[in-house]
Amino acid sequence: MKKLLIASLLGLSLLSTSALALTLSEARQQGRVGETLNGYLAPIAQDKDTLALVKHINDARSESYQQLADSNNLPVDEVAKMAGKKLVERAQPGEYVKGLNGKWLKK
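Note that this is a predicted model, so its numbers are computed, not measured. (Residues numbered from 1 in each chain as written. Predicted model: local features only at pLDDT ≥ 70, side-chain atom pairs only at ≥ 80, totals over all residues. Heavy atoms only, no water.)

Structural notes on the packing of aromatic side chains
Geometrically, a pair of aromatic rings is defined through the distance of the ring centres and the angle of the planes.
Here is step 1: Taken as a whole, this structure holds one aromatic pair when the rule is applied.
Here is step 2: For the ring pair Tyr40 and Tyr65, a centre distance of 5.4 Å and an interplane angle of 75 degrees mean the geometry is edge-to-face. Placement of Tyr40 in the loop between strand E1 (33–35) and strand E2 (41–43) and of Tyr65 in helix H3 (residues 48–72) is noted, with a sequence separation of 25 residues between them.
Here is step 3: In this structure Tyr65 comes out as buried when scored by relative accessible area, which is 6%. (Phe/Tyr/Trp six-rings, centres within 6.5 Å; stacked < 30°, edge-to-face > 60°. Helix = DSSP H or I, 4+ residues; strand = E, 2+ residues; numbered from the N terminus. Buried < 20%, exposed > 50% of the residue type's maximum accessible area, 1.4 Å probe, protein only.)

Observations regarding the sheet that holds E1
Here is step 1: Strand order in the open sheet formed by four strands is E2-E1-E3-E4, and the pairing between neighbours is mixed. Here the strands that pair on one side only, and so sit at the sheet edges, are E2 and strand E4 (104–106). Each strand of the sheet is rotated relative to its neighbour by a mean of 40 degrees, with strand direction disregarded.
Here is step 2: When E1 meets strand E3 (residues 96–98), the two strands line up parallel, connected through two bridges. The partner of Glu35 across the bridge, within E3, is Val97.
Here is step 3: Along the sheet, H3 contacts E1 and E2; its crossing angle with E2, the most-contacted strand, is approximately 165 degrees. (Pairing = 2+ DSSP bridges. Axes fitted to C-alpha atoms, helices over the stretch in contact; angles between N-to-C directions. Contact = heavy atoms within 4.5 Å.)

Remarks on the nonpolar core
Here is step 1: Counting residues in each nonpolar core, the largest one holds eight residues, listed as Leu22, Leu24, Ala27, Val33, Leu41, Leu53, Val54 and Ile57.
Here is step 2: Looking at this core, the elements with two or more residues in it are helix H2 (24–29) and H3.
Here is step 3: With three residues, H3 is the largest single contributor of residues to this core.
Here is step 4: Residues Tyr65, Val79, Ala83 and Leu87 belong to the second largest nonpolar core, which totals six residues. (Core = buried A, V, L, I, M, F, W, Y, C linked by side-chain atoms within 4.5 Å.)

These figures capture arrangement, not role.
And the structure:
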């Protein structure tokens, strides 16, 4: 019985850890991150999970922007800015975007 309890608690702790993994959608809805005109996600909250998510997403975006830039003979910064404009425009009501003035705005 004691072994079963320990195994159950261990299983629940593993499930709760994976359930706590932050998704981009959740972070946007919770106001933890926002889109910027430079094409990259920026953290609003400074906790470990948010910062890790922002790094992961921005690394993937950077790689994608580089591939698009290479295949279209464009500077990577130009590709990132085009994407940033679209991402800011597509932000949903209640999500944060960084304006031209550098301040966060809630759509």
